[in-house]
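Descriptive analysis of the structure
Residue-level listing of the chains:
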Amino acid sequence: MTKVVEGVMSAQGRRFALVVGRFNSFIVDRLVEGALDAIVRHGGRLDDVTIYKAPGGFELPVLARRVAKRGGVDAIIALGAVIRGSTPHFDYVAGEAAKGLAQVAIQSDIPVAFGVLTCDTIEQAIERAGTKAGNKGWEAATAAIEMADLMARLPLEETGRT
Ligand code: INI
């Protein structure tokens, strides 16, 4: 029989950190609401969630790295909104946020869910922050919940590797 290992969608007893870029806060605040709602609806407790706020998306990787290094969290949920302007600034901020957050997850062994909107227009961001296209904060939180459970099923001690 083939063995399948996957996480279940339960946040019960799990500790989460939200690392949040304050830039475009009118959008990002909706993502935070969505993420907290997803955690609670999956059995998690608001007391087990800490929200860390940075100026913008560019700062999220270093903040997530510090949070991961301090320990005590089962998954990190990165939330932000990068909206394209008339210069290439967008590409640098969005690119560094995505690359940096992926690096933090790989290096720290703590799942980092990517709930950073990268949109061409404010309308696209609004659509993804609790309106037509759902709430990407909610989606990121569900990925974090699943990954936290999955990682708990894969303890390093079993193999002795680090
Ligand atoms: N930060 C964002 O999170 N979203 C944006 O759309 C954005 N734009 O467009 O400039 C943005 N810039 C700030 C950036 O993240 C840093 O905070 C800033 O460059 C200081 O390091």
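The structure under discussion appears in the preceding block.
Keep in mind it's a predicted model, so treat the numbers as computed, not measured. (Residues numbered from 1 in each chain as written. Predicted model: local features only at pLDDT ≥ 70, side-chain atom pairs only at ≥ 80, totals over all residues. Heavy atoms only, no water.)

Tallying secondary structure elements over the protein gives five helices and six strands in all. Secondary structure elements in the protein, listed N-terminal to C-terminal, are β-α-β-α-β-α-β-α-β-β-α. Here the C-alpha radius of gyration of the protein, 16 Å, is about what a compact globule of 162 residues would show, namely 15 Å. Out of the 162 residues belonging to the protein, those deemed buried represent 42%. Taking the intrachain contacts of the protein between residues at least 6 apart in sequence as the baseline, contacts between residues at least 24 apart amount to 80%. Summing over all exposed atoms, the protein offers an accessible surface of approximately 9200 Å²; the carbon and sulfur share of this is 52%. When the 19 positive and 19 negative side-chain charges of the protein are each reduced to one mean point, those points stand 4 Å apart. (Helix = DSSP H or I, 4+ residues; strand = E, 2+ residues; numbered from the N terminus. Rg over C-alpha atoms; globule rule 2.2 N^0.38 Å. Buried < 20%, exposed > 50% of the residue type's maximum accessible area, 1.4 Å probe, protein only. Contact = heavy atoms within 4.5 Å. Areas by Shrake-Rupley, 256 points an atom, 1.4 Å probe, with all protein chains shown as cover. Lys, Arg positive; Asp, Glu negative; His and termini not counted. Charge placed at Lys NZ, Arg CZ, Asp CG, Glu CD.)

With that settled, consider the nonpolar core. Ranked by size, the top nonpolar core spans 27 residues in total, and within it Phe16, Leu18, Ile39, Ile77, Leu79 and Leu117 carry the most contacts. Of all the secondary structure elements, the ones that give two or more residues to this core are β1 (16-21), α1 (25-41), β3 (75-83), β4 (112-119) and α5 (136-152). Take this core: its biggest share by element is seven residues, from α1. Within the second largest apolar cluster, 21 residues are counted, among which are Ala68, Ile76, Ala105 and Ile110. (Core = buried A, V, L, I, M, F, W, Y, C linked by side-chain atoms within 4.5 Å.)

A few words now on α1. The end-to-end C-alpha separation of α1 is 24 Å, in line with the 24 Å expected for 17 residues at 1.5 Å each. Among all positions in α1, only Ile27, Val28, Leu31, Val32, Gly34, Ala35, Ala38 and Ile39 are buried. Buried positions in α1, seen along its axis, are confined to an arc of 160° and lie on one side of it. Downstream of α1 by one or two residues, glycine 43 has phi in the positive range, about 95°. (Expected span 1.5 Å × (residues − 1). Arc of directions from axis to C-beta.)

Another point: the packing of helix α2 (residues 60-70) against helix α3 (residues 89-108). Put simply, α2 and α3 touch, their axes get as near as 8 Å, and they point 15° apart. The angle between α2 and α3 falls in the class roughly parallel. As for the relative orientation of α2 and α3, their crossing is right-handed in sense. On α3, the residues that touch Leu60, Pro61, Ala64, Arg65 and Ala68 of α2 are Glu96, Ala97, Gly100, Leu101, Val104, Gln107 and Ser108. (Axes fitted to C-alpha atoms, helices over the stretch in contact; angles between N-to-C directions. Parallel < 35°, antiparallel > 145°, perpendicular 65-115°, else oblique. Left-handed = near helix turned anticlockwise from the far one by under 90°.)

Turning next to the environment of cysteine 119. The topology assignment puts cysteine 119 in strand β4. A relative accessible area of 2% means that cysteine 119 is categorised as buried. For the pair cysteine 119 and alanine 94, spaced 25 residues apart in the sequence, the C-alpha separation amounts to 9.5 Å.

As for its position among the elements, isoleucine 77 is in strand β3. For the pair formed by isoleucine 77 and threonine 121, sequence separation is 44 residues and the distance between their alpha carbons is 23 Å. The contacts of isoleucine 77, once residues within four sequence positions are left out, are Phe16, Ala17, Leu18, Val19, Ile39, Ala113, Ala140, Ala141 and Ala144.

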